[in-house]
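# Chain and residue survey
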Amino acid sequence: MELPELTLRLPDWMQAQLQGPVPVLKTPEEQVRFAIELSRQNVIHGTGGPFGAAVFDEDGTLVAPGVNLVVSQGCSILHGEMVALAMAQQVVGRHDLSDGGHHRYRLAVSAEPCAMCLGALPWSGIRELVYAALDADVRAIGFDEGDKPTAWQQALERRGIEVTGGVMREEAVVVLNQYLATGGRLY
Ligand SMILES: [Zn+2]
């Protein structure tokens, strides 16, 4: 058999959008707004589900963006969070973004992580998670978030990952509804 090669490629519109200086966004609100904007562009361009994510360093500099690429790349693990984390790890050149606890990177997401993505966080070296839309908002438009432990936030915090949810929630829900209204695929 011929073994395939897996290439992770962000949509062309994102490269075009990020021409110029690297964005520096200081507050969690600004960073979440950036992730929501990525989710909106992903819907507008039809390149994936209504989910965006981005990793920022402690100065607020964008390390890497991500969007949901599940359908467009035919790969179930390519949620926005997973894409942003994988891209950030490529940028910094290591699997542990914290580099043994020396860095405090934040993952900003347009919606609450699903069972897979929250499971991936402890090994990513991310130290803060901020998200907009809630689990219930995502399920309300028909997405399956998987079987999540009820106390998942506390579990992450015990592992040293700070969690804040519901930041800019209404803006994120607008994009979820936009995706539904334009007949986006649910999975
Ligand atoms: Zn996910």
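Heads up: these notes are all about the structure in this document.

Next up on the list: the packing of helix α2 (residues 28-44) against helix α7 (residues 169-181). Contact pair α2 / α7: the axes reach a minimum separation of 10 Å and the direction vectors enclose 10°. Classified by the angle between their axes, α2 and α7 sit roughly parallel to one another. Touching Ile36, Ser39, Arg40, Val43 and Ile44 of α2 are Glu171, Ala172, Val175, Gln178 and Tyr179, all from α7.

The strand order across the open sheet built from five strands is β2-β1-β3-β4-β5, with neighbouring strands paired in mixed fashion. Only two strands of the sheet have a single partner each, and these edge strands are β2 (62-67) and β5 (162-164). For this sheet the average axis-to-axis angle between neighbouring strands, irrespective of direction, equals 15°. Bridge count between strand β4 (residues 128-133) and β5: three bridges; the pairing is parallel.

As a further point, take unusual backbone geometry. For residues besides glycine, phi is generally negative; the peptide bonds are generally trans as well. The phi torsion at aspartate 99 lies on the positive side, around 50°, for a residue other than glycine. Relative to the elements of secondary structure, aspartate 99 occurs in the loop between α3 (80-92) and β3 (106-111). Although it is not a glycine, methionine 168 sits at a positive phi angle of roughly 60°. Relative to the helices and strands, methionine 168 resides in the loop between β5 and α7.

Our focus in this paragraph is the coordination of the zinc ion. Around the zinc ion, the protein contributes the donor atoms His79 (ND1), Cys114 (SG) and Cys117 (SG), at 2.0 to 2.3 Å from the metal centre. Within one chain, the residues donating to the zinc ion are spaced in sequence as H-x34-C-x2-C. Pair noted here: histidine 79 is in the loop between β2 and α3 and cysteine 117 is in helix α4 (residues 115-124), with a separation of 38 residues, a long-range link. Here histidine 79 matches cysteine 117 in class, with each residue buried.

Definitions and limits used
- Residues numbered from 1 in each chain as written.
- Predicted model: local features only at pLDDT ≥ 70, side-chain atom pairs only at ≥ 80, totals over all residues.
- Heavy atoms only, no water.
- Axes fitted to C-alpha atoms, helices over the stretch in contact; angles between N-to-C directions.
- Helix = DSSP H or I, 4+ residues; strand = E, 2+ residues; numbered from the N terminus.
- Parallel < 35°, antiparallel > 145°, perpendicular 65-115°, else oblique.
- Contact = heavy atoms within 4.5 Å.
- Pairing = 2+ DSSP bridges.
- Donors = N, O, S within 2.8 Å, 3.2 Å for Na, K, Ca; no water.
- Buried < 20%, exposed > 50% of the residue type's maximum accessible area, 1.4 Å probe, protein only.

Read these as spatial facts, not as claims about activity.
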